[in-house]
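Okay, here's what each chain looks like letter by letter:
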Amino acid sequence: MLGALGQVLIYIVPFLLVLTFIVTIHELGHFLVARAFGVKVDRFAVGFGKAIFSRVDRHGIEWRLGWIPAGGYVKFSGDLDAASVPDQAGLAELRQRLIAEKGPGAERDYFHFKPVWQRALITVAGPVANFILAIVIFAATFMALGDVIMPARVAQVQEGSPAALAGFQPGDLITGVNGRTIQSGSDVTQTVMLSAGDPVRFTVERGAQTLELVATPERRTEDDAVAGRIKVARIGLGLGASRADIRYIRYGPIEAVGAGVRQVGSVLSSTLTYLGRMVTGRESGDQFSGPLGIAKVSGSLTNEVVKASPDPKAAAINLSLTLVRLAAILSIGIGFLNLLPIPVLDGGHLLFYGYEAVARRPVSARYQEIGYRAGLALLAGFMLFATWNDLQKLNIFQFLGGLVS
């Protein structure tokens, strides 16, 4: 019983802590820009449910800590609906009420009566805060730890694999992929993983020769210690840089920030590439993960770090670094997801504000409601799809099949 409880805590607690931290930063982005434009705010909450701590400051803002650590939110004064985009009738009613209660001009302190460009900046500030958080985390780790560049030296070629058919040999050094110069083995792995079924051109140094080899990645099913059961594209290469190949890089503050920006750009680029391949039918979408998958990853990372660091102090330091870098990756994901043009997300609000800027009036209540419901349905479908993927990776269906048989 205690062992099972411990496993639940290992998997759930790190996930909730990381998620709450990321969402709090997201909401803080909205909050800071809103306050910069003089928007009245009723509440800034960290966590949901009954408050275990609450304080109202001199601006009338309630700062609340909820007992369920699963995110947070900002409540602007005058919010009329969950979409936070009232139509003309709703705006007129709110304006009249505010003027009646607080006098003419009081409405100018409320979010919905700010110029559309200010509302757009407040909305986009959440995702931008997520990207800034990721840059700060990456930059801090680059400054503190530096970076290790492990060139793509071929250590092993699987017999009969696409790499073998392409002519790869142990000792080859891959210096370019699809005409792009690469520095590390991770660049090769990332490109191969996003190229299932597509020929990939490799520039290879073999002694004094420079060769161009072409291999087509094949999708395989693998059991990963962290991610679970996954389908991933491979060409059958084992990379292993020698000690002489490895380079250590130290970063100053400016270089570290630049490296952090490039890291965020790389994650976003990979995400867009994957989505593009999925839309065109070249990827099945089975790499999408929901809360179950993310909790599995955070728990597995925790277990792996603890196993690799028997010393409690070293384990604590390594675990902190691991969860912080996981937070950076998830922060990018949450920022990107919120920018999608789906009603109920920040991107959907921006879509409405774009219409308002052009048409000089808000979207009608009827179309807002349709968009809102469609957005919820789309998000629900996405979550079901991601949860299905998570259950597949965890081999839940094979487990249940074994119980039935």
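Residues numbered from 1 in each chain as written. Predicted model: local features only at pLDDT ≥ 70, side-chain atom pairs only at ≥ 80, totals over all residues. Heavy atoms only, no water.

Attention now moves to the overall build of the protein. Of regular secondary structure, the protein possesses 11 helices and 12 strands. In the protein, which comprises 405 residues, the proportion classed as buried is 40%. A sequence separation of at least 24 residues applies to 64% of the contacts in the protein between residues at least 6 apart. In the form shown here, the protein has an accessible surface area of approximately 21700 Å², with 63% of it arising from carbon and sulfur atoms. (Helix = DSSP H or I, 4+ residues; strand = E, 2+ residues; numbered from the N terminus. Buried < 20%, exposed > 50% of the residue type's maximum accessible area, 1.4 Å probe, protein only. Contact = heavy atoms within 4.5 Å. Areas by Shrake-Rupley, 256 points an atom, 1.4 Å probe, with all protein chains shown as cover.)

What follows covers the confidence of the model for the protein. Looking at the protein as a whole, its pLDDT mean stands at 81, while 79% of the residues score no less than 70. Between residues 1-5, whose pLDDT stays under 50, and residues either more than four places distant or in other chains, the model counts zero contacts. Note on residues 396-405: pLDDT is under 50 here. Beyond four places in sequence and across chains, it has five contacts. (pLDDT = per-residue confidence, 0-100.)

Once that is clear, we can look at the environment of Gly-126. Of note, Gly-126 is situated in helix α3 (residues 116-145). In this structure, the C-alpha to C-alpha distance between Gly-126 and Ile-334, residues 208 residues apart in sequence, is 9.6 Å. Non-local contacts of Gly-126, meaning those with residues more than four positions away in its chain, are made with His-26, Gly-29 and His-30.

Right, let's get into the pattern of salt bridges. Within this structure, the stated rule accounts for nine salt bridges. Its salt-bridge partner being Asp-172, residue Arg-206 comes within 2.8 Å of it at the nearest N-O pair. Of this pair, Arg-206 sits in strand β7 (residues 200-206) while Asp-172 sits in the loop between α4 (162-166) and β5 (173-177), and the two are 34 residues apart along the sequence. The partly exposed category is assigned to Arg-206, whose relative accessible area is 21%. Residue classification places Asp-172 among the buried positions, given a relative accessible area of 1%. The partner of Arg-277 in a salt bridge is Asp-198, with the nearest N and O atoms 2.5 Å apart. Taken together, the residues Arg-277 in helix α6 (residues 253-279) and Asp-198 in the loop between α5 (185-193) and β7 connect sequence positions 79 residues apart. Looking at Arg-277, the relative accessible area reads 3%, which means it is buried. By relative accessible area, which is 22% here, Asp-198 ends up partly exposed. Salt bridges sharing common partners tie together Arg-43, Glu-62 and Arg-64. (Salt bridge = Lys/Arg side-chain N within 4 Å of Asp/Glu carboxyl O.)

Another point: the environment of Ala-45. Position of Ala-45 relative to the elements: it lies in strand β1 (residues 41-56). With a relative accessible area of 1%, Ala-45 lands in the buried category. For the pair formed by Ala-45 and Glu-27, sequence separation is 18 residues and the distance between their alpha carbons is 9.0 Å. Discounting chain neighbours no more than four positions away, the residues touching Ala-45 are Arg-64, Gly-72 and Tyr-73.

What follows concerns the nonpolar core. Counting residues in each nonpolar core, the largest one holds 23 residues, and the members touching the most others are Val-18, Ile-22, Ala-134, Phe-138, Phe-142, Val-264 and Ile-332. The set of elements that each furnish at least two residues to this core consists of α1 (2-36), α3, α6 and α8 (312-339). Top element by residues in this core is α3. It accounts for eight residues. Formed by 16 residues, the second largest nonpolar core is a distinct cluster that contains Phe-168, Ile-182, Val-192 and Ala-215. (Core = buried A, V, L, I, M, F, W, Y, C linked by side-chain atoms within 4.5 Å.)

Taking 1.5 Å per residue as the helical rise, α3 with its 30 residues ought to reach 44 Å, and the 43 Å between its terminal C-alpha atoms agrees with that figure. Ala-125 marks the point of greatest bend in α3, at about 35°, and the proline Pro-127 comes within the next four residues. Trailing α3 by a residue or two, Gly-146 shows a phi angle of about 75°, which is positive. (Expected span 1.5 Å × (residues − 1). Bend = angle between axes of the 7 residues up to and from the residue.)

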